[in-house]
Amino acid sequence: MSKILMDKKVIKSMEEINRVMIGKERTVHQIMTAILAGGHVLIEDIPGVGKTTLALAFSKVLGLSYQRIQFTPDIMPTDIAGFSIYHMESETFEYREGAAMTNLLLADEINRTSPKTQSALLEAMEEGKITVDGVTRDLPDPYIVLATQNPLGSIGTHTLPESQLDRFMIRTSLGYPDMESEVQMLMQGSVDLTEQNIKEQISAQELKKARKEVKGLFVHEDIIRYIVEIANETRRSRDLELGISPRGTIALLSMAKANAYLDGRNYVIPEDIKNVFFETIEHRVIKSKEARIQKKTRKEILKDIFYKIPLPKGNQKG
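Predicted, not measured: the structure shown is a model, and the values here were computed from it. (Residues numbered from 1 in each chain as written. Predicted model: local features only at pLDDT ≥ 70, side-chain atom pairs only at ≥ 80, totals over all residues. Heavy atoms only, no water.)

Participant: Describe the packing of helix α10 (residues 246-262) against helix α11 (residues 270-281), listing the residues and the values that go with them.
Facilitator: Two numbers describe how α10 lies on α11: the axes approach to 9 Å, and their chain directions differ by 135°. In terms of orientation, α10 lies oblique with respect to α11. Taken as a pair, α10 and α11 cross one another with a handedness that is right-handed. Facing Gly 248, Ala 251, Leu 252, Met 255, Ala 256, Asn 259 and Ala 260 of α10, the residues of α11 in contact are Asp 272, Ile 273, Asn 275, Val 276, Phe 277, Thr 280 and Ile 281. When its residues are assigned to classes, the contact of α10 with α11 shows nine nonpolar, four polar and one charged. (Axes fitted to C-alpha atoms, helices over the stretch in contact; angles between N-to-C directions. Helix = DSSP H or I, 4+ residues; strand = E, 2+ residues; numbered from the N terminus. Parallel < 35°, antiparallel > 145°, perpendicular 65-115°, else oblique. Left-handed = near helix turned anticlockwise from the far one by under 90°. Contact = heavy atoms within 4.5 Å. Nonpolar A, V, L, I, M, F, W, Y, C, P; charged D, E, K, R; others polar.)

Laid out in structure tokens, this is it:
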């Protein structure tokens, strides 16, 4: 399949999702970018804005198997990784799959389960493998986690530490719909995500091919130096206690490549960095005590840093 045809299929996939996620084009674009970049997504949002609908819609248009797990305090690591059952008659163990054995996993309210269970999921995200009773099994490829957490109501929650937040390619939110979008949503009635409503646009194998094409996009050395300069500035900033990690710079480059791919280019330009910067970086930095006293937001701090660094002047096409 040609790259032009693949580009069209990716765009058609987003259009198909936007039919049911009315007024959320920006968020759909962000998540598609992260998926093409090979990453996982954290959606931090209030209940009832369509997170489950969004995840199911992505699984259908991308031809992916889908599982949802609702995290509660009693969810165990075995619910994610699976477990072995011993059969006395045959004196053998039978492996029972956990929720992780799927292409797209919706990990709902990840902050409402124990740190031990959170770690089991994040380990699977990082390694693409799970180990049960000493046996290591590969997770399906592609493997995508859309995790959600509710920012309101902290009782019984376990906030993800920064080292674990860093595993997510982006953090985004849906938010309330604007007035016209909500009117249109109510006029449309209940969302039906049956096969007749949401059509598969890309197969799992085609998605893997698209990811490979994204990785192969050309990036001029000036763009790479630009990313590193931004990262170094966050590490020097008095407003930040923790700046961008090397994993963060890799994520930023991967997201920029995927953004260029969605724009139909085979090379990265500074505008690609700008388009993905805040969703990719904001959850990876920690404000300093001084910044907290001054009530500065992370977005304000990062905005000042981002526009402080001069744009690359070289020929970005090579």
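Alright, that's what it looks like, and here's the rest.
Participant: Outline the pattern of salt bridges, supporting the account with residue identities and numerical values.
Facilitator: Taken as a whole, this structure holds 20 salt bridges when the rule is applied. One salt bridge connects Glu 206 with Lys 9, and the closest N-O pair in it is separated by 3.0 Å. Of this pair, Glu 206 sits in helix α8 (residues 204-215) while Lys 9 sits in helix α1 (residues 3-18); the two residues are 197 residues apart in sequence, bridging distant segments of the chain. Given a relative accessible area of 17%, Glu 206 falls into the buried group. With a shortest N-O distance of 2.8 Å, Arg 225 and Glu 221 are connected by a salt bridge. On the criterion of helical spacing, the pair formed by Arg 225 and Glu 221 is a turn pair, its members being four residues apart in helix α9 (residues 221-236). In this structure Arg 225 comes out as exposed when scored by relative accessible area, which is 52%. One connected set of salt bridges, linked through shared partners, spans Glu 126, Asp 166, Arg 167, Arg 247 and Arg 284. (Salt bridge = Lys/Arg side-chain N within 4 Å of Asp/Glu carboxyl O. Buried < 20%, exposed > 50% of the residue type's maximum accessible area, 1.4 Å probe, protein only.)

Participant: Please give an account of the sheet that holds strand β9 (residues 170-172) that cites residues and values.
Facilitator: Taken in spatial order, the five strands of this open sheet run β2-β5-β8-β1-β9, and their pairing is parallel. Edge positions in the sheet fall to β2 (66-70) and β9, since each has one partner strand and no second. Sheet twist, expressed as the mean angle between neighbouring strand axes with direction ignored, is 15°. Taken together, the five bridges between β2 and strand β5 (residues 104-108) define a ladder with parallel strand orientation. Within the sheet, the bridge partner assigned to Gln 70 lies in β5 and is Asp 108. (Pairing = 2+ DSSP bridges.)

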